[in-house]
Amino acid sequence: MVGKILQDFISIAIELTALFIGISFLVSLLQGLIPYQKLNKYLSGRNTFIGVIAAIAFAFITPFCSCSTIRVVVNLLNKKVRFGIVMVFLFASPVLDPTIITLMATMLGVKVAIVYTLVTSILSIIIGLLLENLGFESAVKRVTMTGFDEKEIKFSFKEAIKETMSLMKTVYPYLLIGAAIGSIIHEAVPTDWIMTYLGDDKWWLVPIAAVIGIPLYIRISTMIPLSQILIAKGMAFPPVMALMIGSTGASLPEIALLNSIFQKRLVSAFIVSVVLMASISGFLFYLI
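Thresholds, definitions, all that
- Residues numbered from 1 in each chain as written.
- Predicted model: local features only at pLDDT ≥ 70, side-chain atom pairs only at ≥ 80, totals over all residues.
- Heavy atoms only, no water.
- Helix = DSSP H or I, 4+ residues; strand = E, 2+ residues; numbered from the N terminus.
- Buried < 20%, exposed > 50% of the residue type's maximum accessible area, 1.4 Å probe, protein only.
- Contact = heavy atoms within 4.5 Å.
- Areas by Shrake-Rupley, 256 points an atom, 1.4 Å probe, with all protein chains shown as cover.
- Axes fitted to C-alpha atoms, helices over the stretch in contact; angles between N-to-C directions.
- Parallel < 35°, antiparallel > 145°, perpendicular 65-115°, else oblique.
- Left-handed = near helix turned anticlockwise from the far one by under 90°.
- Core = buried A, V, L, I, M, F, W, Y, C linked by side-chain atoms within 4.5 Å.
- Nonpolar A, V, L, I, M, F, W, Y, C, P; charged D, E, K, R; others polar.
- Expected span 1.5 Å × (residues − 1).
- Salt bridge = Lys/Arg side-chain N within 4 Å of Asp/Glu carboxyl O.
- Phe/Tyr/Trp six-rings, centres within 6.5 Å; stacked < 30°, edge-to-face > 60°.
- Polar contact = N/O pair within 3.5 Å; in protein donor to acceptor, adjacent residues only side chain to side chain.

Visitor: Can you break down the overall build of the chain residue by residue, with the values?
Guide: Across its full length, the chain holds 15 helices and zero strands. When each of the 288 residues of the chain is scored for burial, the buried share is 51%. For the chain, restricting intrachain contacts to residue pairs at least 6 apart in sequence, the fraction spanning at least 24 positions comes to 86%. Within the structure as shown, the chain displays about 13600 Å² of accessible surface, and the carbon and sulfur contribution to it stands at 69%.

Visitor: Before we move on, can you summarise the packing of helix α7 (residues 110-133) against helix α13 (residues 237-249) with the specific residues and values?
Guide: Each pair of packed helices gets described by two things: the angle between the helix axes and the distance between those axes. Here α7 crosses α13 at 50 degrees, and the two axes come no closer than 13 Å. Judged on the interaxial angle alone, α13 and α7 are oblique. Taken as a pair, α7 and α13 cross one another with a handedness that is right-handed. Counted together, V112, Y116 and T120 of α7 and F237, M241, M244 and I245 of α13 form the full contact between these two elements.

Visitor: I'd like a rundown of the nonpolar core, residues and numbers included.
Guide: Ranked by size, the top nonpolar core spans 73 residues in total, and within it Y116 and F262 carry the most contacts. Ignoring anything within four residues of it in the chain, the contact list for F262 reads L77, M87, L90, A139, V140, K141 and V267.

Visitor: Break down the environment of V140 for me, with residues and values.
Guide: For V140, the position within the fold is in the loop between α7 and α8 (157-170). Expressed as a C-alpha distance, the spacing of V140 and L258, which sit 118 residues apart in the sequence, is 9.7 Å.

Visitor: Talk me through the packing of α13 against helix α15 (residues 264-284); I want residue IDs and the actual numbers.
Guide: Viewed as axis vectors pointing N to C, α13 and α15 meet at an angle of 155 degrees, and their least axial separation amounts to 7 Å. Relative to α15, α13 is oriented roughly antiparallel. Crossing hand, α13 versus α15: right-handed. Here α13 contributes P238, A242, I245, G246 and G249 to the contact with α15, which in turn contributes F270, V274, M277, A278, S281 and G282. Residues that form the contact of α13 with α15 fall into these classes: seven nonpolar, four polar and no charged.

Visitor: So what about α15? Which residues, and what values?
Guide: With 21 residues, α15 should cover 30 Å at 1.5 Å per step; its first-to-last C-alpha distance of 30 Å lies within 8% of that length. Of all the positions in α15, only L266, V267, A269, F270, S273, V274, V275, M277, A278, S279, S281 and G282 are classed as buried.

Visitor: Please provide a residue-by-residue account of the pattern of salt bridges, values included.
Guide: Once the charged atoms of two side chains with opposite charge are near each other, the side chains can pair. The full count for this structure, using the stated rule, is one salt bridge. Where R82 meets E132, a salt bridge forms, and the shortest distance between an N and an O atom there is 2.8 Å. Linking R82 in the loop between α4 (66-78) and α5 (83-92) with E132 in helix α7, this pair joins segments that are 50 residues apart in sequence.

Visitor: Quick one: what's the story with the packing of aromatic side chains, residue by residue and with numbers?
Guide: Within this structure, the stated rule accounts for four aromatic pairs. A ring pair is formed by F237 and F285, whose centres lie 5.1 Å apart and whose planes are at 40 degrees; its orientation type is tilted. Of this pair, F237 sits in helix α13 while F285 sits in the segment after α15, and the two are 48 residues apart along the sequence.

Visitor: Please provide a residue-by-residue account of helix α3 (residues 48-61), values included.
Guide: For α3, which comprises 14 residues, the first-to-last C-alpha distance of 20 Å matches the rise-based estimate of 20 Å (1.5 Å per residue) to within 8%. Residues G51, V52, A54, A55, I56, F58, A59 and I61 constitute the buried set of α3. The N-cap residue of α3 is N47: its side-chain oxygen and the backbone nitrogen of F49 are 3.0 Å apart.

Nothing here speaks to function; it is all geometry.
Structure, rendered in structure tokens:
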């Protein structure tokens, strides 16, 4: 069995490495064409529609993990960007990563990647604006964070290679972890067991997966190869998606950081919102 696990891991790792390097380089190269300063202008504007579209676009082109997103949130709040727009970015940024979404399309299907992107974007907008309308802006503490780098990314092969190498250090290890866990599950966990206990008719697994995803803090880069194995073994897709969004949208380190800039009632609202986003997204995947 050990030999088969190692064989599966090597096979998955080689595939992931080729895809990750190619996709990361292309995305990094294209980011040099993005007008970041114009996006900042749109974020600060009064037009709600343009603001939320700019927030989603900014979230999509800035591949931050949930913890790194906090620095940008503080920066936007200090610039007096509208609270609801900032919240849209806060919810969307960790889950909308162009490299990972492209990997998702390759490994799980284009339809899955499109639905995932649309659902998480729409729910981020709804939740962000809802929190604003419910008056949670008053729960923001006054915090200043220095050292935020806003320099434009240059369009060049050298910069793209540099960015790709940076992603290799920060994201690639989690892909390998997911490949390793997936290989073990593929060989060691019986298919019948997964189909029996984690199969299609277990709708209640969706909210459970959404809740347990937060303390687990499984990065989406880890979940892509892992979810491919789980689905192949018979696990229902909706709880896999709920686990993916729950673990990516919030984490214990991020919640600790949010406590420094938000009052407890807004932190609690954030946690509940992530669980709802993960659960609703999971249930929606029953329809596709």
